[in-house]
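# Report on the structure
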Amino acid sequence: MLQSLITLSDKDIELVITAVRQWCTKNHCEIDSNEGRHALTLAIDLVQNSSRDTLLQSLTERLGAR
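On a predicted model such as this, the values are computed, not experimentally measured, just so you know. (Residues numbered from 1 in each chain as written. Predicted model: local features only at pLDDT ≥ 70, side-chain atom pairs only at ≥ 80, totals over all residues. Heavy atoms only, no water.)

## Some details on the pattern of salt bridges
Scanning all chains against the criterion turns up 1 salt bridge. In this structure, R52 engages D12 in a salt bridge whose closest nitrogen and oxygen atoms are separated by 2.9 Å. Placement of R52 in the loop between α3 (34-48) and α4 (55-63) and of D12 in helix α2 (residues 10-26) is noted, with a sequence separation of 40 residues between them. The class for R52 is partly exposed, based on a relative accessible area of 35%. Residue D12 is classed as buried on the basis of its relative accessible area of 10%. (Salt bridge = Lys/Arg side-chain N within 4 Å of Asp/Glu carboxyl O. Helix = DSSP H or I, 4+ residues; strand = E, 2+ residues; numbered from the N terminus. Buried < 20%, exposed > 50% of the residue type's maximum accessible area, 1.4 Å probe, protein only.)

## Let's talk about the packing of α3 against α4
Two numbers describe how α3 lies on α4: the axes approach to 10 Å, and their chain directions differ by 125 degrees. Considered as vectors, α3 and α4 are oriented oblique to each other. Handedness of the crossing formed by α3 with α4: right-handed. Here H38, A39, L42, A43, L46 and V47 of α3 come into contact with α4, specifically with L55, S58, L59, R62 and L63. (Axes fitted to C-alpha atoms, helices over the stretch in contact; angles between N-to-C directions. Parallel < 35°, antiparallel > 145°, perpendicular 65-115°, else oblique. Left-handed = near helix turned anticlockwise from the far one by under 90°. Contact = heavy atoms within 4.5 Å.)

## Brief notes about the packing of α2 against α3
The geometry of α2 relative to α3 is characterised by a closest axis approach of 9 Å and an angle of 140 degrees between their N-to-C directions. In terms of their interaxial angle, α2 and α3 are classed as oblique. As for how α2 packs across α3, the hand of that crossing is right-handed. Contacts between α2 and α3 involve D12, L15, V16, V20, W23 and C24 on the former and, on the latter, E35, G36, A39, L40, A43, I44 and V47. Within the contact of α2 with α3, the residues separate by chemical class into 10 nonpolar, 1 polar and 2 charged. (Nonpolar A, V, L, I, M, F, W, Y, C, P; charged D, E, K, R; others polar.)

Structural data, given as structure tokens:
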């Protein structure tokens, strides 16, 4: 996961972290929990595949509400 994060631009890293934090807050979990780490991995994958504009929405659709 960290290797994938390193390949992102600073802007994309900020986007990923912001979206994951928002998802975690909305779903009452910590970013360093299993759910948070899963969301982070998925967010990195989504950004690498050009889902930048709808990242939080895509996370919610794929992970659902917890």
